[in-house]
Amino acid sequence: MIDFSNAAFYGNRLVAFTASQDYNPIELKEVAGVYDNYTNPQEAQAIINCLLELVTQQTACPSVAVVTFNLQQRNLILEQIHQQIVQDPVIGNKFQILFSNGLIIKNLENIQGEERDVLLLSGTFGLQKDGSLPKDFGPIHHHDGYKLLNVIITRAKQKVVVFNSIPAMYYQNYESEILKNGNTGSGILYAYLAYAQAISNKDDKKRQAILDLLYQP
């Protein structure tokens, strides 16, 4: 999970332990939600569904952090959770288990210092109702935004699940963005989405190509 940050931000100076089992530590879920009024309702519901799936009788409930790219999306997820708890006691019991096991829901500026077993990341941004993509992805788009991305993607102990609504035709342009502006702004975000997709698809050749592009000794 730290390979991306190691190549992009630390010049491959970090030494990672070998995983005790073979599994995909990063998963990309393509939601294709609509970004409207600073929120993405489809991503919010997809994350809630994923949270509920984590509460089973077969396995111990992990500690979970939900991280969003802005405060409005964080508030929307909390509101939808509250509504569903009120409407359905079974859902209420599941969220009681999740919160007792350390569930937190925060926006990207407030996650530093927190660690959980599983990180659910709401990319939040996507196509708007008119079919256009926002030109600004908030703080992560700014000059030092890569620092926030680095913090977010290193908060998980076991797995990161990325919920994304930015079409692949945009984030697959990561190489030209990186070559133009370095490991910052939309380029580094696009590269991480492409990296998550490569791991999800078990495409090791592409995964390594992205790491090689990002590595700056």
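In what follows, the accompanying structure is described. Every value quoted in this text rests on a predicted model; they were computed, and no experiment measured them. (Residues numbered from 1 in each chain as written. Predicted model: local features only at pLDDT ≥ 70, side-chain atom pairs only at ≥ 80, totals over all residues. Heavy atoms only, no water.)

What about the pattern of salt bridges?
Going through the model one piece at a time under the given rule, you end up with 7 salt bridges. The shortest N-O distance in the salt bridge between Lys159 and Glu27 comes to 3.0 Å. With Lys159 in strand E5 (residues 156-165) and Glu27 in strand E1 (residues 26-30), the pair connects residues that are 132 residues apart, well separated along the chain. A relative accessible area of 25% means that Glu27 is categorised as partly exposed. A salt bridge links Asp36 to Lys129, with the shortest nitrogen-to-oxygen separation between them at 3.4 Å. Taken together, the residues span a long stretch of sequence, with Asp36 in the loop between E1 and helix H2 (41-53) and Lys129 in the loop between strand E4 (116-126) and helix H5 (145-153) at a distance of 93 residues. Taking relative accessible area as the criterion, Asp36 reaches 32% and is therefore assigned partly exposed. (Salt bridge = Lys/Arg side-chain N within 4 Å of Asp/Glu carboxyl O. Helix = DSSP H or I, 4+ residues; strand = E, 2+ residues; numbered from the N terminus. Buried < 20%, exposed > 50% of the residue type's maximum accessible area, 1.4 Å probe, protein only.)

Overview of empty space enclosed by the protein
Inspection of every chain in the model, using the stated rule, returns 1 cavity of 30 Å³ or more. Of the volumes computed, that of the largest cavity is approximately 70 Å³. Going through the elements one at a time, E4, E5 and helix H8 (185-200) are the ones with two or more residues in the lining of the largest cavity. For the lining of the largest cavity, the residue count by class is 9 nonpolar, 2 polar and no charged. (1 Å grid on protein atoms, 1.4 Å probe; cavity = no way out; pocket = protein on both sides within 12 Å on 5 of 7 lines; lining within 4 Å. Points joined across faces, edges and corners; volume = space filled by probe spheres on them. Nonpolar A, V, L, I, M, F, W, Y, C, P; charged D, E, K, R; others polar.)

Things to note about the packing of aromatic side chains
Counted by the stated rule, this structure contains 9 aromatic pairs. Between Phe125 and Phe137 the ring centres are 5.4 Å apart and the planes differ by 40°, which places this aromatic pair in the tilted class. Here the residue Phe125 occupies a position in strand E4, and Phe137 occupies one in the loop between E4 and H5, the gap between them amounting to 12 residues. Comparing Phe125 with Phe137, the two get one shared label, buried. (Phe/Tyr/Trp six-rings, centres within 6.5 Å; stacked < 30°, edge-to-face > 60°.)

A few points about unusual backbone geometry
Positive phi is not limited to glycine here, since Asn12 has a value of about 60°. Within the fold, Asn12 resides in the loop between helix H1 (3-9) and E1. Relative accessible area serves as the criterion here: at 40%, Asn12 is assigned to the partly exposed category. Notably, Ala32 is not glycine yet its phi reads approximately 60°, a positive angle. Note that Ala32 resides in the loop between E1 and H2.

A short note on the sheet that holds E5
Strands sit in the order E1-E5-E4-E2-E3 across an open sheet of 5 strands; the sheet is parallel. Sheet topology places E1 and strand E3 (104-107) at the edges, where each strand pairs with a single neighbour. Within this sheet the neighbouring strands show an average axis-to-axis angle of 20°, counted without direction. The pairing of E4 with E5 spans 7 bridges and is classified as parallel. Bridging across to E5, Leu121 finds its partner in Val162. Here helix H3 (residues 71-87) sits on the sheet and contacts strand E2 (64-68), E3 and E4; the angle it forms with E3, its principal contact strand, is near 155°. (Pairing = 2+ DSSP bridges. Axes fitted to C-alpha atoms, helices over the stretch in contact; angles between N-to-C directions. Contact = heavy atoms within 4.5 Å.)

Some details on the packing of H5 against H8
Relative orientation of the contacting elements H5 and H8 amounts to 25°, with a least axis distance of 9 Å. Taken as axis vectors, H5 and H8 run roughly parallel relative to one another. Along this stretch, H5 crosses H8, giving a crossing that reads as right-handed. Here Tyr146, Leu149 and Ile153 of H5 lie close against H8, whose contacting residues are Ile188, Leu189 and Tyr192. (Parallel < 35°, antiparallel > 145°, perpendicular 65-115°, else oblique. Left-handed = near helix turned anticlockwise from the far one by under 90°.)

Comments concerning the pairing of E5
Extensive coverage of E5 is indicated by the burial of 7 of its 10 residues. Two elements, E1 and E5, share 5 bridges in a ladder whose sense is parallel. Its bridge partner lying in E5, Glu27 is registered against Val161. Crossover handedness for the path E4 to H5 to E5: right-handed. (Right-handed = clockwise from strand over helix to strand, strands pointing away.)

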